[in-house]
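A closer look at the structure
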Amino acid sequence: MKRIALLPLSLGLALGACGGGGDGKTACAPASQPTATGTLPADLMDLSHWSLTLPVDANGAHSGTAATVTTAELTSGYSSEWFYGTQNGGVTFFAPIQGATTKSTPYPRSELRELLDPSDYSVNWSAHDTAAMAADLVVHQAPSANGKVTIGEIVGYNGANPDVSVLTKLVYEFNADQCSAVLYTSTLDTPTSSGSTARRQVLPTSVPPGAPFSYSIRVESHEIRVTSGSAEVLETIGSAWDAEGLYFRAGAALFANGASLTDGARVTFYQLQVTHD
């Protein structure tokens, strides 16, 4: 097992309970951060059909091409400061804004990638199938630049461009001034659509900063249903996605980068389950 060395939280937005500030404005109390227990993530979560993208390269540098932890490595007991077991049976993901990236994005991530066949990334499911991902989680920290972190998404795979087109993503967005957070989806009409054309739908729900919540992303009959509690949004999958393989991602993926190793996103998952009917 790799030794866990947690970084101090000094520059990111540490999310917590809201209260009245001395100036009459809403104030956010610092959140309690997840304590690493030394428990292996593989002992807390089924990792037999996932790989992990890290915010560092193969040499541990915070630049260059993001390294991937294979399924075999995950199930054999991988743990690090980017992915570790915590109290109450949680698995925490941490991605600093200074980090290595994949070819598809300029932003770092600590994020699991679903693998139907751990030996073959080209084996995926389609918009014609029924698939669902459900999670229970807490967002402890979000980047100070925008408060945004992707906590779940559906990504397209077509071989020639295997990790570029994101069908839909579920984003947690924290507003420090209002001490509040929202969940929203961002969905593309086609695999080649520009990210600037993505449709944004806010889930009509309250997400207290630093508090546990759940979500579900379900695909059935060319429709995406995203729920959190009693709130939900629906999206129709366009026919242009029919030629794409699809897979889930979950963890902490950023919309920001910079020169800090402490500013970033820290998210703990207490449950992560994928089903295919």
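Residues numbered from 1 in each chain as written. Predicted model: local features only at pLDDT ≥ 70, side-chain atom pairs only at ≥ 80, totals over all residues. Heavy atoms only, no water.

Check the secondary structure of the protein and you find one helix and 18 strands. Scored against the burial criterion, the 277 residues of the protein give a buried share of 49%. Residue pairs at least 24 apart in sequence account for 70% of intrachain contacts in the protein once pairs closer than 6 positions are excluded. Looking at the protein as shown, the accessible area adds up to about 11600 Å², and 49% of this sits on carbon and sulfur atoms. (Helix = DSSP H or I, 4+ residues; strand = E, 2+ residues; numbered from the N terminus. Buried < 20%, exposed > 50% of the residue type's maximum accessible area, 1.4 Å probe, protein only. Contact = heavy atoms within 4.5 Å. Areas by Shrake-Rupley, 256 points an atom, 1.4 Å probe, with all protein chains shown as cover.)

What the rule picks out here adds up to nine salt bridges. With its nearest N and O atoms 3.5 Å apart, the salt bridge here joins E111 to R249. Here R249 lies in strand β17 (residues 245-254) and E111 lies in strand β8 (residues 109-114), a separation of 138 residues in the sequence. Here E111 matches R249 in class, with each residue buried. R225 is the partner of E223 in a salt bridge, and the nearest nitrogen-oxygen pair spans 3.5 Å. For E223, a relative accessible area of 28% translates into the label partly exposed. (Salt bridge = Lys/Arg side-chain N within 4 Å of Asp/Glu carboxyl O.)

A word on unusual backbone geometry. Located in the positive-phi region is N88, a residue other than glycine, with phi close to 65°. By the element assignment, N88 lies in the loop between β6 (83-86) and β7 (90-96). When its relative accessible area of 68% is taken as the criterion, N88 is described as exposed. Its identity is not glycine, yet C179 carries a phi of approximately 50°, on the positive side. Its location among the elements puts C179 in the loop between β11 (166-175) and β12 (180-187).

With that out of the way, let us pick up the environment of V233. As for its position among the elements, V233 is in strand β16 (residues 231-236). The class of V233 is buried, set by a relative accessible area of 6%. Sequence-wise, V233 and Y184 are 49 residues apart; in three dimensions their C-alpha atoms are separated by 8.9 Å.

Applying the stated criterion across every chain yields a total of six aromatic pairs. Where F93 meets F269, the ring centres are 5.3 Å apart and the plane angle is 70°; that geometry is what we call edge-to-face. Of this pair, F93 sits in strand β7 while F269 sits in strand β18 (residues 264-276), and the two are 176 residues apart along the sequence. Exposure remark for F93: the relative accessible area of 0% places this residue in the buried category. Its relative accessible area of 0% is what places F269 among the buried residues. Ring centres 5.8 Å apart and planes at 20° place the aromatic pair Y172 and F213 in the stacked group. Placement of Y172 in strand β11 and of F213 in strand β14 (residues 213-220) is noted, with a sequence separation of 41 residues between them. The residues Y172 and F213 share a single accessibility class, namely buried. Each member of the aromatic cluster is reached from another via a ring pair, and the members are Y78, F83, F93 and F269. (Phe/Tyr/Trp six-rings, centres within 6.5 Å; stacked < 30°, edge-to-face > 60°.)

Moving on to the sheet that holds β8. An order of β5-β4-β8-β17-β10-β11-β12-β13 is seen for the eight strands of this open sheet, with the pairing classed as antiparallel. Looking at the sheet topology across the chains shown, the edges are occupied by β5 (68-69) and β13 (199-202). With two bridges connecting them, strand β4 (residues 50-53) and β5 associate as antiparallel partners. Looking across to β5, one finds that L52 is bridged to V69. (Pairing = 2+ DSSP bridges.)

Another aspect to go through is the confidence of the model for the protein. Predicted coordinates in areas of low pLDDT are best not read in detail. Averaged over every residue, the pLDDT of the protein is 90; residues scoring 70 or more account for 88%. Contacts of residues 1-11 to residues separated by more than four positions or lying in other chains number 32 contacts, the stretch itself having pLDDT below 50. (pLDDT = per-residue confidence, 0-100.)

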